[in-house]
Amino acid sequence: MKKEEVQNIFLKILKDEEDVSAGVAAIKTLLTVIENYKVATVRELDLNLQLAVDAMRHCDQPVTAISSGCELFMRFITFARLDVKSFEECEQIMLQRGHIFLNTLLEARGKVAKQALTFISDGCKILTHSRSRVVLQAMLEAAKANRRFQVFVTVSAPDNTGEIMHKQLVEAGIDATLILDSAVGYIMEQVDIVMLGAEGVTESGGIINKVGTYSIGISALELKKPVFVLTESFKFARIYPLNQQDVPKEFKYLSSTLKSGKDLSKEHPLVDYTPPAYITLLFTDLGILTPSAVSDELIKLYL
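Let me begin by describing the structure that accompanies this report. (Residues numbered from 1 in each chain as written. Predicted model: local features only at pLDDT ≥ 70, side-chain atom pairs only at ≥ 80, totals over all residues. Heavy atoms only, no water.)

### Re the pattern of salt bridges
Note the cut-off: Whenever Lys or Arg places a side-chain nitrogen within 4 Å of a carboxyl oxygen from Asp or Glu, that contact is recorded as a salt bridge. By the criteria applied, helices consist of DSSP H or I runs no shorter than four residues and strands consist of E runs no shorter than two, each listed in order from the N terminus. Burial status follows relative accessibility: with a 1.4 Å probe on protein chains alone, a residue under 20% of its type maximum counts as buried, one over 50% as exposed, and anything between as partly exposed.
Enumeration over the complete set of coordinates arrives at 10 salt bridges. For Lys28, the salt bridge identified is with Glu17, shortest N-O distance 2.5 Å. Of this pair, Lys28 sits in helix 2 (residues 22-36) while Glu17 is found in the loop between helix 1 (3-16) and helix 2, placing the two residues 11 residues apart along the sequence. A residue is classified by how much of its surface remains accessible, and Lys28, at 18% relative accessible area, is buried. Look at Glu17 and you get partly exposed, because its relative accessible area is 30%.

### Some thoughts on the packing of aromatic side chains
For clarity, the cut-off: Within 6.5 Å between ring centres, the rings of Phe, Tyr and Trp (the latter by its six-membered ring) count as paired, and their orientation is classed by plane angle as stacked under 30 degrees, edge-to-face over 60, tilted in between.
Taken as a whole, this structure holds 6 aromatic pairs when the rule is applied. Geometrically, the ring pair formed by Phe119 and Phe228 is edge-to-face, given 5.2 Å between the ring centres and 70° between the ring planes. With Phe119 in the loop between helix 5 (87-117) and strand 1 (125-128) and Phe228 in strand 7 (residues 227-230), this pair connects stretches of sequence that are 109 residues apart. Classification of Phe228 as buried rests on a relative accessible area of 5%. Centroid distance Phe228 to Phe283: 5.3 Å. Interplanar angle 90°. Geometry classified as edge-to-face. Of this pair, Phe228 sits in strand 7 while Phe283 sits in strand 9 (residues 281-284), and the two are 55 residues apart along the sequence.

### Examining the packing of helix 1 against helix 2
Short version of the rule: To define axes, lines are fitted to C-alpha atoms, for helices over the stretch in contact only, and angles between the resulting N-to-C directions are given on a 0 to 180 degree scale. For classification, angles of less than 35 degrees are called roughly parallel, those exceeding 145 degrees roughly antiparallel, those between 65 and 115 degrees roughly perpendicular, and all remaining angles oblique. The crossing is said to be left-handed when, going from far helix to near helix, the turn is anticlockwise and less than a right angle, and right-handed when the turn is clockwise. When checking whether two residues touch, look at their non-hydrogen atoms; a contact exists if any pair is within 4.5 Å. All amino acids are sorted into three groups, where Ala, Val, Leu, Ile, Met, Phe, Trp, Tyr, Cys and Pro are nonpolar, Asp, Glu, Lys and Arg are charged, and the leftover types, Gly among them, are polar.
Where helix 1 meets helix 2, the closest approach of the two axes is 9 Å, and the angle between their N-to-C directions is 135°. Taken together, the axes of helix 1 and helix 2 are oblique relative to one another. The two elements helix 1 and helix 2 cross, and the hand of that crossing is right-handed. Residues Val6, Ile9, Phe10, Ile13 and Leu14 of helix 1 touch helix 2, and the partners they reach there are Ala22, Ala25, Ala26, Lys28, Thr29, Thr32 and Val33. The class makeup of the residues in the contact of helix 1 with helix 2 is 9 nonpolar, 2 polar and 1 charged.

### Overview of helix 12 (residues 294-302)
Operational definition: Working note: the arc is built from the helix axis to C-beta atom directions.
Of all the positions in helix 12, only Val294, Glu297, Leu298 and Tyr302 are classed as buried. Burial along helix 12 is one-sided: seen end-on, the buried residues are contained in an arc of 130°. Along helix 12, exposed side chains directed more than 90 degrees from the buried face belong to Ile299 and Lys300. Here the buried face of helix 12 lies against helix 4 (63-77), strand 5 (200-201), strand 9 and strand 10 (287-289).

### Considerations on the sheet that holds strand 5
Rules: DSSP calls a pair of strands paired once it identifies at least 2 bridges connecting them.
The 3 strands are arranged 5-6-8 in an open sheet whose pairing can be described as antiparallel. With partners counted over all chains shown, the strands left at the sheet margins are strand 5 and strand 8 (271-274), one partner each. Where strand 6 (residues 207-210) meets strand 8, 4 bridges bridge the pair, whose relative direction is antiparallel. Paired with Ile207 across the bridge in strand 8 is Thr274. Contacts from helix 9 (residues 213-222) reach strand 6 and strand 8, with the element oriented near 30° to strand 8.

### What to know about the pairing of strand 4 (residues 193-196)
Neither face of strand 4 is left uncovered, since the one carrying Ile193 and Met195 and the one carrying Val194 and Leu196 both have all their residues buried. Pairing geometry for strand 1 and strand 4, over 2 bridges, is parallel. Among the inter-strand pairings, Leu127 is bridged to a residue of strand 4, identified as Val194. Where strand 4 and strand 7 come together, 3 bridges link them in parallel fashion. Residue pairing across strands places Met195 opposite Phe228, the latter belonging to strand 7.

### Some words on the nonpolar core
Heads up, the condition is: Buried residues of nine kinds, namely Ala, Val, Leu, Ile, Met, Phe, Trp, Tyr and Cys, make up a nonpolar core once their side-chain atoms join them within 4.5 Å.
Phe10, Leu30, Leu49, Met56 and Phe73 are the most contacted members of the largest nonpolar core, which has 50 residues in total. Broken down by secondary-structure element, the contributors of at least two residues to this core are helix 1, helix 2, helix 3 (42-56), helix 4, helix 5 and helix 12. Sorting elements by how many residues they give to this core places helix 2 first, with 9 residues.

### A short note on the layout of surface pockets
Rule in force here: Site definitions follow a grid-based scheme: protein atoms alone, a 1 Å grid, a 1.4 Å probe that fits but cannot get out for cavities, and for pockets an open set with protein on both sides within 12 Å along at least five of seven lines, plus lining residues having an atom within 4 Å of a point. Grid points are joined across faces, edges and corners, and a volume is the space filled by probe spheres set on the points.
By volume, the largest pocket amounts to about 910 Å³. Lining the largest pocket are 33 residues, and of these Pro62, Arg131, Arg133, Thr161 and Glu199 lie nearest its centre. At the level of elements, helix 2, helix 6 (133-144) and strand 6 are the ones that each hand at least two residues to the lining of the largest pocket. Looking at side-chain class alone, the lining of the largest pocket contains 13 nonpolar, 9 polar and 11 charged residues.

### Comments concerning the side chain of Thr231
Position of Thr231 relative to the elements: it lies in the loop between strand 7 and helix 10 (249-252). The contact partners of Thr231, leaving out residues within four places of it in the chain, are Val112, Val134, Ala198, Val201, Phe236, Leu282, Phe283, Thr284 and Asp285.

Below you can see the structure in the form of structure tokens.
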């Protein structure tokens, strides 16, 4: 198995399935590796999967969800001793577990959206940042439930993904306004809640998300606005940053930037870290959690 082959599978999934996240695409890629690249031992299979994960981390895609999702996937498919006579049986069991894990992931977004639905009330004004698929789904569910609300969406430089989010909301008939990232402080006094997605959730209950999220958290706390984070549990990561510098460099920059030899202190980071003090609640497929409850859930996931 070659690195380029894995990258092609991964990137093809992202291209063909517009609504799939990088984390889910990574899990689908690992399942493809198990199904199509036949080996003779568990050790060889493990090496193949590790190679695949490493290949995907170098695809110029957001690494945070890829890293946490793949780690949980690897843990889940091998969580119990495989007491079988042949490797073929072992491989089939791991494949079955992998599909169970994937199906759970695919259902997670809907569960999160339903958790958040009751917090979107008639007449409320919501601020969101960048483009989050789970936040979008929650808002679409609220619109289907005949809730009338207004959304302010940041442009989210440098890739302007907020423009896509704004377009999708407008197409769904939701009252949405696109604002500059620098207008967050101005708009904050008008909003009732802040609703954010996350690329990763840390052990402390803080989040790693599109750069600019931390500034939104600071502004919301100052004006006493609740900050709700909508995220699937596969994004829970075993990292514990204390500040922005503690966030792994591979999370903050594209792999091409890291390889280029550029001075990273002069490069624009893709994500930032928002500490748990700035987050009110996390809506997850495991339930509605306070930031302090995340570490307990991580322990359960890795038991």
